[in-house]
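Letter by letter, the chains look like this.
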Amino acid sequence: MSKFISQEMHDRVSGYMLGLLGNTAPEQFLQDEISRYIPDLAGKSETDIVNFFAYQRAVYIDGIIPTVGRPIASLNPMFIDSANELFFGSGKGHEKDVRYTRASVKLNGFRLQMHRGPGITAAFSRQFTPYDPRMFPELTDTFKQLPCMIGDTELIPKLLKHNAALNALQDIRLSGPSSWPKPGTNRLDPEKLAAYLANPIIFDLAGAPHPHLELMLAFHGLFAIAHPKTWGEPRILQMQRMITLSKLPINYRIIDELLAELSAYMTERGLQATVAEKQIVNNPAELDAYVALKRQAGEEGVCVVQSRWNESGHSVLAPHGAKLKEYETVDMAVLGLYLNDTALGPVAENITGALMGLYDTSLKTYVPATRVNLDPDGVQIKTEGQSDRSTTLRLEIARIVHDRQGNVSADEYIHSLHEAYLMVGESMLPYLTKAYPSHAYDHSIADILENIPRGYDLWRLYQVFVKDRELYLAREMKHDTIVRKFIHSKVEFFKTIDVLDEARKKKFKNYFSIAGEVKERSNRLKKPQFLVSLATPLILEVKVFNLKWGTCSYVAGLHSWYPGESYCFSNNFAERVRHDKCHTTDYRTINVIARKHTPPRNKKRDKKT
């Protein structure tokens, strides 16, 4: 997600989406994918919002030919730890529930959705941020000769690999907001483009990029492409024979067959483009072997996609694609900056760290997720060149904050763990009591949660109520103490809790018995001295080597199923600003990671409470 939006605005935008998508498996799958764009649509007109969702539905559900030049929502992969988390089919041979499973190398570059049609050469990031193709003169001939298509590609250095490749691309070729067109446009201002193309650090006197900065395209997949028999024909004829490859369920076998033909086509013409290395795997052992081989070669990771057919030969919706990596890259928004000297403000050398946040789709706001150390001499510095990159990152953050900073909205207040705990509890209570006489409440749930007597929680108060139930119900209990007075004033509420079945009462206990513990942890969160506006979120890519639910003071991940616990990001650091991104990482992705890495809940605490 990207921007803070109110509950009212969120419901308005999501209402249009829900109105266009039904309850079939493909529609629910698509709904999960495109809901991350809701905050970015908040300021759009009703027409624009409806058109966005209607177009994604038309492409993915109805199977229309996508429009060249109009970006399509990308399908996000899930992170997995091992091949055993994937299902490769049941039955013998290809007789039942067959899956086509393809692994490919995870390249280190900038994802680019390539659009080529008659008179159209356009490219977009996964968040629809446009690239200006004129920034890549070494690809001009490649762009001209590509067949009509909407391709899923990666923009990568031709010679460099791994982190060196991404650093060169991020720090030099696409360095900063000046490398990206203004919102609402697809081209850089002429003076900015001219200055870029005349930069001697990037280009030689002939206008060619220096060899270590020369770029190429690597195709991962295809959304749509002209029929191969037309690739030598005029583009207007190619457009008449476009093939859509986006309708759910997606058939990756056909996509790979077309990618093989595209690879031969590009090689024959000497284009500065390739197809990412791919490998068909038939079982977990084959996938594990491929992953081990790529790790040994120093590759960042492996991506896996699957297509599935049932025993009748009909396509069935397969799960999300998957990534296998040694670490996760999580996109987070900067909520605030920690400073060495508050009086100096957010100048580069004064910034010691940043509070990073994720947009919580249930709370409809950004919430703190972790703190990153930005000190070039800090304990997070472990690899060669990391200190220099941290210095560069601080300079870039300071410049962006200076350029963007306006008045910080009251809506951009940083919520504490305890505040989020109360918000989740406020939505949880009606769920627990929905089959019971909750209409008997004579006070709001927020009033109940916010005015609990000091030293108590709802579970302890309920136990006090149970001890003298008859006196409270008969209104004969003296309310001569704060606790008795509170219970007396909320007796209808405690009557509702009293009649819950055992399963719901246990959930009530698990969540509401730990209020004191949560508040204590919440107080450990050190608020940053400088808040950063979220009107246009500043997104950093954070490398995370350990993610689980744990005891910490950060809010992100707090939900009723892990009572009082939130995401614990440990052994993480930030190295770069992602100017091509405007979303924080989808909660669904990190939920899966956290669940896998978190051991079963501690039973001792359950007994204690």
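Preceding this section is the structure that the text describes.
Per chain, residues are indexed from 1 in the order of the written sequence. At least 70 in pLDDT is required for a residue's local features to be given in this predicted model, at least 80 for side-chain atom pairs to be given and counted, and no such filter applies to totals for whole chains, interfaces and linings, which use all residues. Only hydrogens and water are set aside; all other atoms, that is, all heavy atoms of the structure, feed into the side-chain values.

Peer 1: How would you summarise the packing of helix α12 (residues 417-432) against helix α18 (residues 502-512) if you had to cite specific residues and measurements?
Peer 2: Closest axis-to-axis distance for the α12/α18 pair is 11 Å, and the angle between their directions is 170°. By the angle between their axes, α12 is roughly antiparallel relative to α18. Listed contacts from α18 to Tyr 421, Val 424, Gly 425, Met 428, Leu 429, Tyr 431 and Leu 432 of α12 are Arg 504, Lys 507, Phe 508, Tyr 511 and Phe 512. Three classes are used, and their members are as follows: Ala, Val, Leu, Ile, Met, Phe, Trp, Tyr, Cys and Pro are nonpolar, Asp, Glu, Lys and Arg are charged, and the others, Gly among them, are polar. Within the contact of α12 with α18, the residues separate by chemical class into nine nonpolar, one polar and two charged. A fitted line through C-alpha atoms represents every axis, and for helices the fit uses only the stretch in contact; the resulting angles, taken between N-to-C directions, go from 0 to 180 degrees. Strands here mean DSSP runs of E at least two residues long; helices mean DSSP runs of H or I at least four residues long; both are numbered from the N terminus. Angle categories are assigned with fixed cut-offs, so that under 35 degrees is roughly parallel, over 145 is roughly antiparallel, 65 to 115 is roughly perpendicular, and the rest are oblique. It only takes one pair of heavy atoms within 4.5 Å for two residues to be counted as in contact.

Peer 1: Describe the pairing of strand β4 (residues 110-117), listing the residues and the values that go with them.
Peer 2: For β4, a buried count of eight out of eight residues is recorded, marking the element as mostly surrounded by other parts of the structure. The alternating pattern of β4 places Phe 110, Leu 112, Met 114 and Arg 116 on one face and Arg 111, Gln 113, His 115 and Gly 117 on the opposite face, and all of these are buried. Across seven bridges, the pairing between β4 and strand β7 (residues 149-157) is antiparallel. The residue of β7 that forms the bridge with Arg 111 is Glu 154. Two strands pair under a simple rule: DSSP has to find at least two bridges between them. Examined bridge by bridge, β4 and strand β5 (residues 120-124) share five bridges and lie antiparallel to one another. Across the sheet, Gly 117 pairs through a bridge with Ile 120, a residue of β5. Counted between consecutive antiparallel strands, the loop separating β4 from β5 contains two residues, among which Gly 119 sits at a positive phi close to 70°. Throughout this description, buried means an accessible area under 20% of the type-specific maximum (1.4 Å probe, protein chains only), exposed means over 50%, and partly exposed covers the range between.

Peer 1: Describe unusual backbone geometry, listing the residues and the values that go with them.
Peer 2: A cis amide bond, omega -5°, links Leu 248 with the succeeding residue Pro 249. Tracing the backbone shows Pro 249 in the loop between β9 (242-244) and α9 (252-268). Positive phi, close to 75°, is recorded for Phe 128, a residue that is not glycine.

Peer 1: Mind laying out the environment of Arg 111, listing which residues take part and the relevant values?
Peer 2: Looking at where Arg 111 falls in the secondary structure, it is placed in strand β4. Since its relative accessible area comes to 18%, Arg 111 is described here as buried. Between the C-alpha atom of Arg 111 and that of Trp 459, which follows or precedes it by 348 residues, the distance is 50 Å. Residue contacts for Arg 111: discarding those within four places in its chain leaves Phe 124, Ser 125, Arg 126, Tyr 131, Asp 152, Thr 153, Glu 154 and His 220. Of the polar contacts made by the side chain of Arg 111, one reaches the side chain of Asp 152; its length is 2.9 Å. Here a polar contact is taken to be a pair of N or O atoms separated by no more than 3.5 Å, where protein atoms must pair a possible hydrogen donor with a possible acceptor and residues adjacent in sequence count only if both atoms sit in side chains.

Peer 1: Which residues make up helix α17 (residues 491-498), and what are the values?
Peer 2: Burial analysis of α17 places six of its eight residues in the buried class, which makes it a mostly covered element. Those residues of α17 that sit buried are Val 491, Phe 493, Phe 494, Thr 496, Ile 497 and Asp 498. Elements in contact with the buried residues of α17: α12, α13 (445-450), α14 (458-467), α15 (469-473), α16 (482-489) and α18.

Peer 1: If you had to explain the layout of surface pockets to someone new, which residues and values would you point to?
Peer 2: Using protein atoms alone on a 1 Å grid, points that fit a 1.4 Å probe yet trap it form a cavity, whereas open point sets bounded by protein on both sides within 12 Å along at least five of seven lines form a pocket; residues with an atom within 4 Å of a point count as lining. Grid points are joined across faces, edges and corners, and a volume is the space filled by probe spheres set on the points. Approximately 1,400 Å³ is the volume attributed to the largest pocket. Taken together, 41 residues form the lining of the largest pocket, with Phe 128, Thr 129, Pro 130, Pro 183 and Gly 184 sitting closest to its centre. Elements represented by at least two residues in the lining of the largest pocket include exactly α3 (38-41) and α4 (46-62). With five residues, α4 is the single largest residue contributor to the lining of the largest pocket. Here the residues of the lining of the largest pocket are counted per class, giving 17 nonpolar, 14 polar and ten charged.

Peer 1: Mind laying out α16, listing which residues take part and the relevant values?
Peer 2: Inspection of α16 places Val 483, Phe 486, Ile 487 and His 488 among the buried residues, and these make up the whole buried set. Each element contacted by the buried residues of α16 is listed here: α13, α14, α15 and α17.

Peer 1: Which residues make up the side chain of Thr 598, and what are the values?
Peer 2: Of note, Thr 598 is situated in the loop between α20 (587-597) and α21 (603-608). Here the side chain of Thr 598 touches Trp 549 through a polar contact of 2.8 Å, landing on its backbone nitrogen. In terms of polar contacts, Thr 598 uses its side chain to reach the backbone carbonyl oxygen of Ala 594, at 2.5 Å. If near-sequence neighbours (up to four positions away) are discounted, Thr 598 is found in contact with Lys 548, Trp 549 and Tyr 562.

Peer 1: Run through the pattern of salt bridges, naming residues and quoting values.
Peer 2: A carboxyl oxygen of Asp or Glu within 4 Å of a side-chain nitrogen of Lys or Arg is what we treat as a salt bridge. The final tally for this structure, using the stated rule, is 25 salt bridges. Of the charged contacts in the structure, one is a salt bridge between Arg 36 and Glu 33, with a shortest N-O distance of 3.0 Å. The same class applies to Arg 36 and to Glu 33, which are both buried. The partner of Arg 134 in a salt bridge is Asp 132, with the nearest N and O atoms 2.9 Å apart. One connected set of salt bridges, linked through shared partners, spans Arg 389, Glu 541, Lys 543, Glu 575, Arg 576 and Arg 578.

Peer 1: Run through the nonpolar core, naming residues and quoting values.
Peer 2: Membership of the largest hydrophobic core comes to 73 residues, with the highest contact counts inside it found for Leu 337, Ile 397, Phe 508 and Phe 569. Per-element tally for this core: the top contributor is α12, with eight residues. Side-chain atoms within 4.5 Å link the members of a nonpolar core, which is a set of buried Ala, Val, Leu, Ile, Met, Phe, Trp, Tyr and Cys residues. Counting residues in each nonpolar core, the second largest holds 71 residues, with Cys 148, Tyr 196, Phe 203 and Met 266 among its members.

Peer 1: Run through the packing of aromatic side chains, naming residues and quoting values.
Peer 2: The description of an aromatic ring pair rests on the distance of the ring centres and on the angle between the ring planes. Stacked, tilted and edge-to-face are the three classes assigned to paired rings of Phe, Tyr and Trp, where Trp is represented by its six-membered ring and a pair needs centres within 6.5 Å; plane angles under 30 degrees give stacked, over 60 edge-to-face, the rest tilted. Taken as a whole and judged by the stated rule, the model has 23 aromatic pairs. Taken together, a centroid distance of 5.5 Å and an interplanar angle of 80° make the contact between Tyr 196 and Phe 203 edge-to-face. Given the relative accessible area of 10%, Tyr 196 is considered buried. The exposure class of Phe 203 is buried, given its relative accessible area of 4%. Measuring from ring centre to ring centre gives 5.2 Å for Phe 493 and Phe 494, while their planes differ by 75°; the resulting arrangement is edge-to-face. The criterion for a charge sitting over a ring is simple: Lys NZ or Arg CZ within 6 Å of the ring centre, and within 35 degrees of the ring normal. In this structure, Arg 70 is placed above the aromatic ring of Tyr 55, and the distance from its NZ or CZ to the ring centre is 4.0 Å. In this arrangement the basic side chain of Arg 578 is found over the ring face of Phe 110, its NZ or CZ atom lying 4.4 Å from the centre.

Peer 1: Give me the state of the cysteines: which residues, what numbers.
Peer 2: Disulfide assignment relies on a single distance test, namely cysteine sulfur atoms paired within 2.5 Å. Applying the stated criterion across every chain yields a total of zero disulfides. With no disulfide of its own, Cys 568 lies closest to Cys 552 among cysteine sulfurs, the gap being 5.0 Å.

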